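Residue-level structure breakdown
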Amino acid sequence: MDANTELLNFIFQNSEMGTNTLDELIEIAGDVPFEQVLIKQREGYKVINQEAVRLMEGSEEEPKGISKFDQIRTYLMIKASTLTNHSTSHFAEMMIQGSIMGIIDLCKQLNSYKEVKPEIRALAEQLLQFEEGNVEELKKYLRQDKA
């Protein structure tokens with residue numbers, strides 16, 4: 001697999017994970033304004049995901065989605081983490097942690113794959129800016145939990 005395909009697959013998987021995670025959280029979020037933020041972010045991940053698929057068209061490679069194991073593991077982690085805490089602040093914290101992991105991994109990818117097509121690099125940078133924007137937006141929902 002060449003660098004272009006590897007970076008596109010990373011973008012595809014990252015945006016798929018964001019979409020799937022938000023699908024789960026939107027179902028259980030109780031706060032309507034916060035839910036709207038999550039819906040907007042989910043739509044952003046979908047746009048990036050579809051663009052990754054479009055850029056992969058015409059190549060011999062198909063987008064490689066997240067493994068079933070990783071999907072199930074993520075689903076169970078979300079369910080376990082939200083079992084006793086359904087607060088908006090907790091959901092925001094979970095999403096920020098996921099986005100920070102995505103930012104770190106994306107920076108590593110961008111630094112590793114310097115010689116990729118400009119449109120693929122641009123999509124990766126778009127995803128990076130999107131993740132950073134998500135973190136900033138979610139910070140507004142963090143609150144000190146009362147003991």
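Since the model is a prediction, treat every value here as computed from it, not as a measurement.

**Digging into the overall build of the protein chain**
Counting secondary structure elements, the protein chain contains five helices and zero strands. At 16 Å, the protein chain has a C-alpha radius of gyration in line with the 15 Å of a compact globule built from 147 residues. Along the first, second and third principal axes, the C-alpha atoms of the protein chain reach 50 × 30 × 25 Å. Long-range pairs, those at least 24 residues apart, make up 80% of the contacts in the protein chain with a sequence separation of at least 6. Counting only carbon and sulfur atoms, one obtains 54% of the accessible surface of the protein chain, whose full area is about 8600 Å². On the protein chain, the mean spot of the 16 positive side-chain charges and the mean spot of the 25 negative ones are 4 Å from each other.

**Points about the pattern of salt bridges**
Taken as a whole, this structure holds seven salt bridges when the rule is applied. Asp23 serves as the salt-bridge partner of Arg42, at 3.1 Å between the closest nitrogen and oxygen. Here Asp23 lies in helix α1 (residues 3-28) and Arg42 lies in helix α2 (residues 32-56), a separation of 19 residues in the sequence. Taking the relative accessible area as the measure of exposure, Arg42 reaches 17% and is therefore buried. Asp23 sits in the partly exposed class, given a relative accessible area of 29%. With a closest N to O distance of 3.2 Å, Glu137 and Lys40 form a salt bridge. Residue Glu137 is found in helix α5 (residues 118-139), and its partner Lys40 is found in helix α2; the two are separated by 97 residues along the sequence.

**Notes on the layout of surface pockets**
Computed from the structure, the largest pocket encloses a volume of approximately 740 Å³. Around the largest pocket, the lining comprises 25 residues; the ones closest to its centre are Met17, Thr21, Thr74, Gly98 and Met101. Mapped by element, the contributors of at least two residues to the lining of the largest pocket are α1, α3 (68-82) and α4 (88-112). Among the elements that make up the lining of the largest pocket, the one with the highest residue count is α4 (eight residues). Looking at the lining of the largest pocket residue by residue, the classes come out as ten nonpolar, eleven polar and four charged.

**Some thoughts on the side chain of Glu16**
Note on placement: Glu16 falls in helix α1. Beyond its immediate sequence surroundings of up to four residues, Glu16 is in contact with Asn49, Gly65 and Ile66.

**Quick notes on the packing of α1 against α4**
Two numbers describe how α1 lies on α4: the axes approach to 11 Å, and their chain directions differ by 180°. Between α1 and α4, the interaxial angle falls into the category roughly antiparallel. Across the interface between the two elements, Leu7, Phe10, Asn14, Thr21, Leu22, Leu25 and Ile28 from α1 touch Phe91, Met94, Met95, Gly102, Asp105, Leu106 and Gln109 from α4. Its residues placed into classes, the contact of α1 with α4 shows nine nonpolar, four polar and one charged.

**Some points on the packing of aromatic side chains**
When we look at a pair of aromatic rings, we describe it by the centre distance and by the angle of the planes. Counted by the stated rule, this structure contains two aromatic pairs. Here the aromatic rings of Tyr45 and Phe130 are separated by 4.9 Å at their centres, their planes lie at 90°, and the arrangement is edge-to-face. Taken as a pair, Tyr45 in helix α2 and Phe130 in helix α5 lie far apart in primary sequence, 85 residues in all.

**As for α5**
Here α5 contains 22 residues, and its C-alpha end-to-end distance of 32 Å stays within 8% of the 32 Å for a straight helix at 1.5 Å per residue. Buried within α5 we find Ile120, Arg121, Leu123, Ala124, Leu127, Leu128, Phe130, Glu131, Asn134, Val135, Glu137 and Leu138. Residues of α5 that are buried sit in contact with α1, α2 and α4.

Procedures and definitions
Residues numbered from 1 in each chain as written. Predicted model: local features only at pLDDT ≥ 70, side-chain atom pairs only at ≥ 80, totals over all residues. Heavy atoms only, no water. Helix = DSSP H or I, 4+ residues; strand = E, 2+ residues; numbered from the N terminus. Rg over C-alpha atoms; globule rule 2.2 N^0.38 Å. Contact = heavy atoms within 4.5 Å. Areas by Shrake-Rupley, 256 points an atom, 1.4 Å probe, with all protein chains shown as cover. Lys, Arg positive; Asp, Glu negative; His and termini not counted. Charge placed at Lys NZ, Arg CZ, Asp CG, Glu CD. Salt bridge = Lys/Arg side-chain N within 4 Å of Asp/Glu carboxyl O. Buried < 20%, exposed > 50% of the residue type's maximum accessible area, 1.4 Å probe, protein only. 1 Å grid on protein atoms, 1.4 Å probe; cavity = no way out; pocket = protein on both sides within 12 Å on 5 of 7 lines; lining within 4 Å. Points joined across faces, edges and corners; volume = space filled by probe spheres on them. Nonpolar A, V, L, I, M, F, W, Y, C, P; charged D, E, K, R; others polar. Axes fitted to C-alpha atoms, helices over the stretch in contact; angles between N-to-C directions. Parallel < 35°, antiparallel > 145°, perpendicular 65-115°, else oblique. Phe/Tyr/Trp six-rings, centres within 6.5 Å; stacked < 30°, edge-to-face > 60°. Expected span 1.5 Å × (residues − 1).

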